[in-house]
Amino acid sequence: MSLLLESTNVLAAGVPQPVSNAPGELTSKVNTVLGIAAWAGTAAGVLGVLITGTMMAVSLKRGESSEHMSRLGMVLGGCVLVATAGPLVGFVFN
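What counts as what
- As a convention, each chain's residues are numbered from 1 in the sequence order in which they are written.
- The predicted origin of the model limits local features to residues at a pLDDT of at least 70 and limits the giving and counting of side-chain atom pairs to 80 or more, whereas totals for whole chains, interfaces and linings rest on all residues.
- Note that the side-chain values use all heavy atoms of the structure and ignore hydrogens as well as water.
- By the criteria applied, helices consist of DSSP H or I runs no shorter than four residues and strands consist of E runs no shorter than two, each listed in order from the N terminus.
- We call a residue buried when its accessible area falls under 20% of the maximum for its residue type, exposed when it is over 50%, and partly exposed in between, using a 1.4 Å probe and counting protein chains only.
- Method for areas: the Shrake-Rupley scheme with a 1.4 Å probe, in which residue coverage is limited to the protein chains shown.
- The term salt bridge refers to a side-chain nitrogen of Lys or Arg lying within 4 Å of a carboxyl oxygen of Asp or Glu.
- With axes taken as lines fitted to C-alpha atoms, and helix axes fitted only over the stretch in contact, angles between N-to-C directions fall between 0 and 180 degrees.
- Between 65 and 115 degrees an angle is taken as roughly perpendicular, under 35 as roughly parallel, over 145 as roughly antiparallel, and anywhere else as oblique.
- Helix crossings are classified by the rotation of the near helix relative to the far one: an anticlockwise turn of less than a right angle makes the crossing left-handed, while a clockwise turn makes it right-handed.
- The criterion used for residue contact is that any of the two residues' heavy atoms lie within 4.5 Å.
- What a helix should span is 1.5 Å times the count of its residues minus one.

(A) Region of the structure containing the overall build of the chain. If you tally the helices and strands in the chain, you get three helices and zero strands. Shown N-terminal to C-terminal, the secondary structure of the chain runs as helices and strands in the order α-α-α. A burial count over the chain gives 7% of its 94 residues as buried. Accessible surface, the chain: about 8,000 Å² in total, of which carbon and sulfur atoms supply 73%.

(B) Here's a closer look at the pattern of salt bridges. By the definition in use, this model includes one salt bridge. Across the pair Lys 29 and Glu 25 runs a salt bridge whose closest N-O atoms are separated by 3.6 Å. Taken together, the residues Lys 29 and Glu 25, both in helix H2 (residues 24-62) and four residues apart, mark about one turn of the helix. For Glu 25, a relative accessible area of 57% gives the class exposed.

(C) Here's a closer look at the packing of H2 against helix H3 (residues 68-93). The N-to-C vectors of H2 and H3 enclose an angle of 165°; their axes lie 9 Å apart at closest approach. Judged by the angle between their axes, H2 and H3 are roughly antiparallel. Crossing hand, H2 versus H3: left-handed. When H2 is examined against H3, the residues Ala 38, Gly 41, Thr 42, Gly 45, Gly 48, Val 49, Thr 52, Met 55, Met 56 and Ser 59 are found in contact with a partner set consisting of His 68, Met 69, Arg 71, Leu 72, Val 75, Leu 76, Cys 79 and Val 82.

(D) Local environment of the side chain of Ser 59. The residue Ser 59 is located in helix H2 in this model. The exposure class of Ser 59 is buried, given its relative accessible area of 8%. Residues within four places of Ser 59 in sequence aside, it is in contact with Glu 64, Ser 66 and His 68.

(E) Seen up close, the environment of Gly 78. Mapped onto the secondary structure, Gly 78 falls in helix H3. With relative accessibility at 30%, the residue Gly 78 sits in the partly exposed group. The spacing of Gly 78 and Gly 45 is 33 residues in sequence and 7.0 Å in space, taken between C-alpha atoms.

(F) View of H2. The terminal C-alpha atoms of H2, which comprises 39 residues, lie 57 Å apart, in line with the 57 Å expected from a rise of 1.5 Å per residue. Burial in H2 covers these residues: Gly 45, Gly 48, Thr 52 and Ser 59. Here the buried face of H2 lies against H3. Phi turns positive, to about 85°, at Gly 63, one or two residues after H2.

Dropping the structure here:
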């Protein structure tokens, strides 16, 4: 185990750590745009779940069978991706 730890220390020693020197004005504008995009992604996910649920209810009432569960899975997968995008990028770049 100590060999693995030692090799990690040696390999990571040469990795440069860039310094953030973006202007504060730009940083606040980018954060605003990313916040709006995150809000829009969340709203689109909720709307997608509502639409898929409505389509499932209408199909059930008509006696039709459709593959709504796969559509619901895609919508929920998109919701998870939108919800975890910020923390994942923060984890990778910080």
